[in-house]
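Descriptive analysis of the structure
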Amino acid sequence: MSSLQDAIACPLCRQPLAKLPQGCEECFNYFKTELEKIPTPLMDLTPSAALAQIEIYIVPRKLLRTELFRSPIISFLYERVLPPIWAMGLRNRGIDVEFQQCTEFFGQGPEIVVDISCGTGMMARRLAQLGQYKHIIALDYSETMLQQLQQQMQLDSIPPSQITIIRADVEALPLAADSVDAIYTGAAMHCWPNPEEGISNIYRVLRRGGKLFATTFLKPLPSVVFRFFTVDELRQIFITAGFHPDQVWVEAKGIYGIIKCLK
Ligand SMILES: C[S@@+](CC[C@H](N)C(=O)[O-])C[C@H]1O[C@@H](n2cnc3c(N)ncnc32)[C@H](O)[C@@H]1O
C-alpha cells in the first residue's frame, strides 16, 4: 500500500480516514478535517483531540517521562544540547551514524516511512533530504517538539509537502493496519508510558515484510523517570508484540540498545 491517505487512520476506530463510511461517526468529522490539512504542517490525531471535540473531556496527564518533552524549554534545548554529547559515544556515535545504519537496513524498497516519537525530527529530516522515499510521516506526542521540527524544516529548506507531521500517541497510533513499509523510532521507547503497548501498535501498522529500526537506553541506567531495559527484556517485548524470534536482532553498544526487526 503506498497511499498516504490509506495509511493515516482514526486512532479510535483505526479505519483509514480515506475510507468511507467511517467506523466511529463521532470522530469522523474531526479527523476528516485534520486529514484535509495535508500537506499543511501539523495535524493533531491524538484520541484526546477528537474526544475533546465531542464532549467535555479532561485530557489525562501521561507519566512524567512523556510529559517532560511537552515543555517548550526541553524542546528548545533538545537538539541544541544533546547531539555533541551523543557523538562522544553515548548514542551510537551520533545521529549521522544512526541514520546510515537505519537507511542501510531499510534498503531501497520502502515507500511510506514513519519516524515515531520523532522529537525535533533529526531522523525524519535526514530521511526526507535523502529523497529516496515517497512519503515520510513524523509523529510525536509533544506539540512543542513538533513545532521545533517545523522550524528546523524551514531552516533546512525542506518544504512541508516532504514530511507529514502528526501529533499522535504511540499507544493509539493513527495508522491503518499493515499500511507502512518502514518505521524508525529513535531513543524513544524508554520515554513511553507503556513500551509493550507501543511496540504492539508498531507491529500492527507495519506491513508484512516491513522493517523496524528502534533504539533505546539500557540498564544499568536506573529506571527513575525513564524505563530502561536489558537486552533480554527488549527481545521479549518485540517477540510478544508479534515479531518472529528469528526476525528480531538486538545489539548492545554500552548503554545503548539497537533493535532491528522484520515483520
Ligand atoms: C528522547 S526523545 C527522542 C526524539 C528523537 N526520536 C531522537 O531520536 O532524538 C523521546 C520522544 O518520545 C516522545 N514520546 C514520549 N511519549 C510518547 C507517546 N506516548 N507517544 C508518542 N511519542 C512519545 C517525546 O515527546 C519525545 O519527543
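My aim in this report is to walk through the structure given alongside it, one point at a time.

So, how was this worked out
- Counting from 1, residues in each chain are numbered in the order their sequence is written.
- Predicted model: local features are reported for residues with pLDDT of at least 70 only, side-chain atom pairs are reported and counted for 80 or more only, and whole-chain, interface and lining totals are derived from all residues.
- Excluded from the side-chain calculations are hydrogens and water; all other atoms, namely the structure's heavy atoms, are used.
- The rule is simple: take the accessible area with a 1.4 Å probe, protein chains only, and divide by the maximum for that residue type; under 20% is buried, over 50% is exposed, in between is partly exposed.
- Strands are runs of DSSP state E lasting at least 2 residues, helices are runs of H or I lasting at least 4, and numbering of each runs from the N terminus.
- Two strands are counted as paired when DSSP detects at least two bridges linking them.
- We call a crossover right-handed when, viewed with the strands running away from us, the connection from the first strand over the helix to the second turns clockwise.
- Distance and chemistry together define a polar contact, namely a pair of N or O atoms within 3.5 Å, with one atom able to donate a hydrogen and the other to accept it when in protein, and with adjacent residues in sequence counting only for side-chain atoms on both sides.
- Contacts are assigned to residue pairs with any non-hydrogen atoms lying within 4.5 Å of each other.
- Note on definitions: angles span 0 to 180 degrees between N-to-C directions of axes, and those axes are lines fitted to C-alpha atoms, for helices only across the stretch in contact.
- Each angle gets one of four labels, with under 35 degrees taken as roughly parallel, over 145 as roughly antiparallel, 65 to 115 as roughly perpendicular, and the rest as oblique.
- Should the near helix be turned counterclockwise from the far one by less than a right angle, the crossing is left-handed, whereas a clockwise turn marks it as right-handed.
- When residues are grouped by polarity, Ala, Val, Leu, Ile, Met, Phe, Trp, Tyr, Cys and Pro land in nonpolar, Asp, Glu, Lys and Arg in charged, and all others, Gly among them, in polar.
- For a helix, the expected span equals 1.5 Å multiplied by the residue count minus one.

A closer look at the pairing of strand E4 (residues 164–167)
Alternating positions in E4 separate into two faces, Thr164 and Ile166 on one and Ile165 and Arg167 on the other, with burial throughout. Two strands pair when backbone bridges link them, and strand E1 (residues 42–44) and E4 are joined in this way by three bridges, in the parallel orientation. If you follow Asp44 over to E4, its bridge partner there is Arg167. Note that the unit made of strand E3 (residues 135–140), helix H8 (residues 143–155) and E4 has a crossover that is right-handed.

Quick look at the side chain of His190
Within the secondary structure, His190 sits in the loop between strand E5 (180–185) and helix H9 (195–205). A polar contact is formed between the side chain of His190 and the side chain of Thr216, at a distance of 2.8 Å. Setting aside its immediate chain neighbours within four residues, His190 contacts Arg65, Thr216, Phe217, Phe226, Arg227, Phe228 and Phe229.

With respect to the packing of H9 against helix H10 (residues 231–241)
One way to put it is that H9 packs onto H10 with a least axis distance of 8 Å and a crossing angle of 45 degrees. Here H9 lies oblique to H10, going by the angle between them. Crossing angle aside, the handedness with which H9 passes H10 is right-handed. When H9 is examined against H10, the residues Pro195, Glu196, Ile199, Ser200 and Tyr203 are found in contact with a partner set consisting of Ile237, Phe238 and Ala241. Looking at the contact of H9 with H10 residue by residue, the classes come out as six nonpolar, one polar and one charged.

Description of helix H6 (residues 95–106)
When the terminal C-alpha atoms of H6 are compared, their 16 Å separation across twelve residues agrees well with the 16 Å that a helix rising 1.5 Å per residue should span. For H6, the buried fraction is high: nine of the twelve residues fall into the buried class. Elements in contact with the buried residues of H6: strand E2 (112–116), helix H7 (122–130), E5, strand E6 (206–217), strand E7 (248–253) and strand E8 (256–262). Looking one or two residues beyond H6, the residue adopting positive phi is Gly107, at roughly 70 degrees.

What is shown is where atoms sit, not what they do.
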